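Coordinates in review
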Amino acid sequence: MDWPKQVTIKEVGPRDGLQNEPLFIETEDKIAWINQLAETGLQHIEMTSFVNPKWIPALADAASVAQGIKRNPAVTYSALIPNLHGLDRALSACVDEVAVVISASEMHNRRNINQSIANSLSTVNDICLQAASVGKPVRGYLSTVFGCPYEGEIALGQVLRLTEKMFEMGIYEISFGDTIGTASPVQVEAVVDALMQRYPAEKLAMHFHNTHGMALANIVTSLRKGITIFDASLGGLGGCPYALGAAGNVATEDLGHMLNQMGIRTGIDQERLLSAACFIEEKLGRALPSHALQIVHGGHMA
């Protein structure tokens, strides 16, 4: 088959990767890390979340991070926004793009956002309207698309209903999340087929966690279907505070290596990426699950 010639990788490590870490990474280290990421060829970095620090202490320094980084004009710097108060803080810190999240699971949405799905839709709509008024694009996350830790299987009709509502709000792209990392290629194929019957591939992204080691297989399935936008987290960092047992995201460097081997362009410098991964691994004081990092530590360059 004809594989895509180019893929966009969106880096979510500074937000999705660090939000579940018990160790607080110092603000200056977060800034240094994001600055390193911005020199790798990545074009999109989700740098933090303007959530109440009471809920996500690891990202309590969101404004300081956003204001302290050295802005690379080739990079879009986004932040996850939970409500209008968070949006005001983010706009004051000059984020380039707003990210919002809704869960396809009612119970996970209540645990993750402390709202019903209906209330979250209203909140997200208000965020979209205010962001549009100041010219900020909005990217959406739809979580637990492939399974929920509380409700189990999620009906495809529910996913499609929420997708339609989010696009109606003016969200330019939706990232579909395998929040607990249980998706299989067969399930991914069914979901992507249903989505692509309704929406163009350039409006769809995939966000796979690697709990059962299936993330790269699910990405290959998505590639076969024409999806070319993927979220990833350097070092395989990540997890959901409200989905116990969910492991990290697919590692950015592992995904980049696979795509390079397939002859698919990413525009990313793999050596600089690995250097940034080693930096955050040292700050966390533990080994990260990336296969590429394991090779580096073994004395070979991936």
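Up top you'll find the structure we're talking about.
What you see is a predicted model, and the numbers here were worked out from it, not measured in a lab.

To continue, consider the overall build of the protein chain. Scanning the protein chain from N- to C-terminus turns up twelve helices and eight strands. The C-alpha atoms of the protein chain give 18 Å as radius of gyration, which agrees with the globular expectation for 302 residues (19 Å, within 12%). When the backbone C-alpha atoms are referred to their principal axes, the protein chain occupies close to 50 × 45 × 35 Å. Sequence separation of at least 24 residues holds for 74% of the intrachain contacts in the protein chain that already meet a minimum separation of 6. Carbon and sulfur atoms make up 51% of the accessible area of the protein chain, which amounts to about 12,200 Å² in all. Of the charged side chains in the protein chain, 22 are positive and 31 negative; the average position of the first set lies 4 Å away from that of the second.

Under the counting rule described, the total for this entry stands at twelve salt bridges. Note that Lys283 and Asp29 form a salt bridge whose closest N and O atoms lie 3.7 Å from each other. One end of the pair, Lys283, is in helix H11 (residues 270-284); the other, Asp29, is in helix H2 (residues 27-37), and 254 residues separate them in sequence. Lys283 gets classed as partly exposed once you look at its relative accessible area, which sits at 31%. Judged by relative accessible area, which is 18%, Asp29 ranks as buried. With a closest N to O distance of 3.3 Å, Glu189 and Lys225 form a salt bridge. Of this pair, Glu189 sits in helix H8 (residues 185-196) while Lys225 is found in helix H9 (residues 215-225), placing the two residues 36 residues apart along the sequence.

The next thing to look at is the side chain of Thr221. With respect to the secondary-structure elements, Thr221 resides in helix H9. Note on Thr221: relative accessible area 14%, which makes it buried. Contacts of Thr221, omitting those with residues within four sequence positions, involve Pro185, Val188 and Glu189.

This part is about the pairing of strand E5 (residues 138-143). Most of E5 sits inside the fold, with six of its six residues counted as buried. Neither face of E5 is open: one carries Val138, Gly140 and Leu142, the other Arg139, Tyr141 and Ser143, and all of them are buried. Both strand E4 (residues 97-103) and E5 contribute to a ladder of six bridges, which runs parallel. In the sheet register, Val101 faces E5, and the bridge partner there is Tyr141. Relative to strand E6 (residues 173-178), E5 runs parallel, the two being bridged by four bridges. Following the sheet pairing, Gly140 is matched in E6 by Ile174.

Okay, helix H4 (residues 84-92) next. Taken together, the buried positions of H4 are occupied by Gly86, Leu87 and Ala90. Down the axis of H4, the sector holding all buried residues measures 100°, keeping them to one side. Seen from the buried face of H4, the exposed residues on the opposite side, beyond 90 degrees, are His85 and Ser92. Close packing links the buried residues of H4 with E4 and helix H6 (117-133). The opening residue of H4 is Asn83, an N-cap whose side-chain oxygen sits 3.3 Å from the backbone nitrogen of His85.

As a further point, take helix H10 (residues 252-261). Note that an α-helix has 3.6 residues per turn; residues three or four places apart therefore point the same way. Counting buried residues along H10, seven of its ten residues qualify, which places the element largely inside the surrounding structure. Regarding H10, the residues found buried are Thr252, Glu253, Asp254, Leu255, Gly256, Met258 and Leu259. Next to the buried residues of H10 lie strand E1 (8-11), H9, strand E8 (229-232), H11 and helix H12 (291-297). At the exit of H10 stands Gly263, carrying a positive phi of roughly 80°.

Time to look at the environment of His297. By the secondary structure assignment, His297 is in helix H12. Between the C-alpha atoms of His297 and Ala287, which are ten residues apart in sequence, the distance is 9.6 Å.

Of note, His207 is situated in strand E7 (residues 204-208). Among the polar contacts made by the side chain of His207, one reaches the side chain of His209 at a distance of 3.3 Å. In this view, His207 contacts Val12, Asp16, Tyr141, Ser175, Phe176, Gly177, Asp178, Asp231 and Asn249; residues no more than four positions away in its chain are not counted.

To continue, consider the packing of H9 against H10. Contact pair H9 / H10: the axes reach a minimum separation of 11 Å and the direction vectors enclose 45°. Overall, the two elements H9 and H10 adopt an arrangement that is oblique. For H9 against H10, the interelement crossing comes out right-handed. Residues Leu216, Ile219, Val220 and Leu223 of H9 form the contact with H10, whose participating residues are Leu255, Met258 and Leu259.

The rules behind each value
- In every chain, residue numbers begin from 1 and rise along the written sequence.
- Side-chain atom pairs in this predicted model are given and counted only at pLDDT of 80 or more, local residue features only at pLDDT of at least 70, and totals for whole chains, interfaces and linings cover all residues.
- Side-chain measures here rest on the full set of heavy atoms in the structure, leaving out hydrogens and waters.
- Numbered from the N terminus, helices here are DSSP runs of H or I no shorter than four residues, and strands are runs of E no shorter than two.
- As defined in this context, the radius of gyration uses C-alpha atoms, and a globule is described by 2.2 Å times the residue total to the power 0.38.
- We call two residues in contact when some of their heavy atoms are within 4.5 Å.
- Accessibility throughout is a Shrake-Rupley quantity obtained with a 1.4 Å probe, and a residue counts as covered only by protein chains that appear here.
- Neither His nor the chain termini are counted; the positive set is Lys and Arg, and the negative set is Asp and Glu.
- The atoms used to mark charge sites are NZ of Lys, CZ of Arg, CG of Asp and CD of Glu.
- Just to be clear on terms, a salt bridge is a Lys or Arg side-chain nitrogen sitting within 4 Å of an Asp or Glu carboxyl oxygen.
- Think of it in three bands: with a 1.4 Å probe and only protein chains considered, a residue is buried below 20% of the maximum accessible area for its type, exposed above 50%, and partly exposed in between.
- Two strands pair under a simple rule: DSSP has to find at least two bridges between them.
- An arc is given here, and it is the one of the directions from the helix axis to the C-beta atoms.
- Any pair of nitrogen or oxygen atoms within 3.5 Å is treated as a polar contact; in protein, a donor-acceptor pairing is required on top of that, and neighbouring residues in sequence qualify only through side-chain atoms on both sides.
- Angles shown run from 0 to 180 degrees and are taken between the N-to-C directions of axes, each axis being a line fitted to C-alpha atoms and, for helices, limited to the stretch in contact.
- Just so you know how the angles are binned, under 35 degrees is roughly parallel, over 145 roughly antiparallel, 65 to 115 roughly perpendicular, and the rest oblique.
- The handedness criterion is simple: a crossing whose near helix is rotated anticlockwise from the far helix by less than a right angle is left-handed, and one whose near helix is rotated clockwise is right-handed.

All quantities given are derived from atomic positions and should not be read as evidence of function.
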